[in-house]
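# Architecture and fold: a report
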Amino acid sequence: MPVTSTVERPDSAPEGDALPVNEVFVSLQGEGTLAGVPSVFVRTSGCNLRCWFCDSYHTSWEPTHAWLTLDDIVEEVQSYDADHVVLTGGEPFVHESSQDLLRRLDALGYHTTVETNGTIVPDAETPIDLASVSPKLASSTPTVERDPKGEGEWAERHEERRVDVDALATFAERYDRQFKFVVTGREDMAEIESLVAEIRAAADVEVPDTDVLLMPEGQTRDRLAETRTVVADLAVEYGYRYTPRLHVDLWNDAPET
Ligand SMILES: C[S@@+](CC[C@H](N)C(=O)[O-])C[C@H]1O[C@@H](n2cnc3c(N)ncnc32)[C@H](O)[C@@H]1O
Ligand SMILES: Nc1nc2[nH]cc(C(=O)O)c2c(=O)[nH]1
Ligand code: SF4
Ligand SMILES: [Mg+2]
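Residues numbered from 1 in each chain as written. Chains lettered and ligands numbered in written order. Predicted model: local features only at pLDDT ≥ 70, side-chain atom pairs only at ≥ 80, totals over all residues. Heavy atoms only, no water.

Here is the rule we go by: UniProt positions are given in the numbering used here, feature names are shortened, and annotations may be inferred rather than shown by experiment.
As recorded in an unreviewed UniProt entry, the chain goes by the name 7-carboxy-7-deazaguanine synthase, listed as coming from Halogranum amylolyticum. Under Catalytic activity (unreviewed entry), UniProt gives the following word-for-word description of the chain: "6-carboxy-5,6,7,8-tetrahydropterin + H(+) = 7-carboxy-7-carbaguanine + NH4(+)". What UniProt records for the chain under Sequence similarities (unreviewed entry) is the sentence "Belongs to the radical SAM superfamily. 7-carboxy-7-deazaguanine synthase family."

See the structure below:
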């Protein structure tokens, strides 16, 4: 279901429990350890970060959405023949109601994955079957040269917010998880190594190398053609896992895929 109406006042929610939703669609999970699994995607709008490469521009740089009640969302999810739901965004956890949606989906027996940047931790009792955490590296920062919209106005705020090691460690402690790093090139590896070491030091559970995934940066097949082999070779070299971007391989940058 395309949900593309821009609301005049993005902060105005209807009565009751609701979320600003950019799109709901069924596809194959394209990323991570569940790649290939048919899943319903619920994409909330709004983000606390601004990655220059964000492939969901209309949830971050120019948020576009309709406010849907949780009843509407659940009904839409149930209209598809899939038992996996991926809650993504934007950053789902900027919205308190994302936690309520996860509780509702869990009660209905769905397997839930949340795609999150790992900076906002939900309440401890929020049920999540797979926390798919994608910590943002320095190479994601929208500097003047890489700002898709302005002239680097977001760079400082993005830089301040993009990593919270305690939050990342909490995700590791509470949930089945994967740490999925967007890799632009070899330059990113030193930061990934030190961040993984920091998460391991802060968490009171083990974080094996198999929970660390390298994902090539690329919103399009053309860009992935440049990055995927480089990143696959880095995964072999460092002993981390590689994840494709199946949906980009299959459908390029088409919406609702
Ligand atoms: C749009 S984000 C939404 C969830 C959350 N805000 C986050 O960043 O994890 C969904 C996934 O796409 C990844 N992503 C966004 N833009 C990308 C790009 N240009 N290349 C590769 N991965 C990208 C993010 O890192 C994240 O794993
Ligand atoms: N097919 C498909 N798989 C995905 N896995 C994570 C996605 C996301 O945008 O969070 C995504 C997406 O947008 N499409
Ligand atoms: S954190 Fe996620 S949604 Fe937000 S700008 Fe970065 S990739 Fe886009
Ligand atoms: Mg996506």
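Having seen it, we continue.
### Thoughts on unusual backbone geometry
Note the following rule: Helical segments are the DSSP runs of H or I of at least four residues, strand segments are the runs of E of at least two, and each set is numbered from the N terminus.
Across the junction of Gly89 and Gly90, the peptide omega takes the value 20°, indicating a cis bond. Tracing the chain through its elements places Gly90 in the loop between β4 (84–88) and α2 (97–107). Not every positive phi belongs to a glycine, and Asn252 is a case in point at roughly 55°. Looking at where Asn252 falls in the secondary structure, it is placed in the segment after α7 (246–251). Within the chain, Glu256 stands out as a residue other than glycine whose phi angle is a positive 55°.

### A few points about the site of ligand 3
Here is the rule: Consider each residue's heavy atoms; a residue with any of them within 4 Å of a molecule or strand counts as near. Three residue categories are used. Nonpolar comprises Ala, Val, Leu, Ile, Met, Phe, Trp, Tyr, Cys and Pro, charged comprises Asp, Glu, Lys and Arg, and polar comprises the others, including Gly.
Near ligand 3 the following residues occur: Cys47, Leu49, Arg50, Cys51, Cys54, Ser60, Gly90, Asn117 and Lys136. Of the residues in the shell around ligand 3, the class split is 4 nonpolar, 3 polar and 2 charged.

### Details of the UniProt feature "binding site: Mg(2+)" (unreviewed entry) in the chain
Quick reminder of the rule: The contact criterion used is simple: two residues touch if any of their non-hydrogen atoms lie within 4.5 Å.
UniProt feature "binding site: Mg(2+)" (unreviewed entry): in the numbering of this structure it lies at Ser56. Structurally, the position occupied by Ser56 is in the loop between β2 (38–44) and β3 (66–69). Those residues in contact with Ser56, other than ones at most four positions away along the chain, are Arg43 and Gly89.

### Re the packing of helix α4 (residues 165–174) against helix α5 (residues 189–202)
For the record, the criterion: Note on definitions: angles span 0 to 180 degrees between N-to-C directions of axes, and those axes are lines fitted to C-alpha atoms, for helices only across the stretch in contact. With the far helix as reference, a near helix turned anticlockwise by less than a right angle produces a left-handed crossing, and one turned clockwise produces a right-handed crossing.
Put simply, α4 and α5 touch, their axes get as near as 9 Å, and they point 65° apart. For the pair α4 and α5, the sense of crossing is right-handed. Contacts from Val165, Asp166, Leu168, Ala169 and Glu173 in α4 reach Leu195, Glu198, Ile199 and Ala202 in α5.

### Digging into the site of ligand 2
The line we're drawing: Polar contact criterion, stated in full: a pair of N or O atoms within 3.5 Å, where within protein one must be able to donate a hydrogen and the other to accept it, and residues adjacent in sequence count only if both atoms are side-chain atoms. Areas reported as accessible are Shrake-Rupley estimates using a 1.4 Å probe. Residue values count occlusion only from the protein chains shown.
Taken together, Ser27, Leu28, Gln29, Gly30, Glu31, Phe41, Arg43, Thr88, Glu115, His247 and Thr257 are the residues near ligand 2. Here a nitrogen atom of ligand 2 and a side-chain polar atom of Ser27 are 3.5 Å apart. Interatomic distance of 2.8 Å between a backbone N/O atom of Thr257 and a nitrogen atom of ligand 2. Here ligand 2 loses 94% of its free accessible area of 320 Å² to cover by the protein chains. Counting residues per element, the ones that place at least two in the shell around ligand 2 are β1 (18–28) and β2. Taken together, the residues that form the shell around ligand 2 break down as 2 nonpolar, 6 polar and 3 charged.

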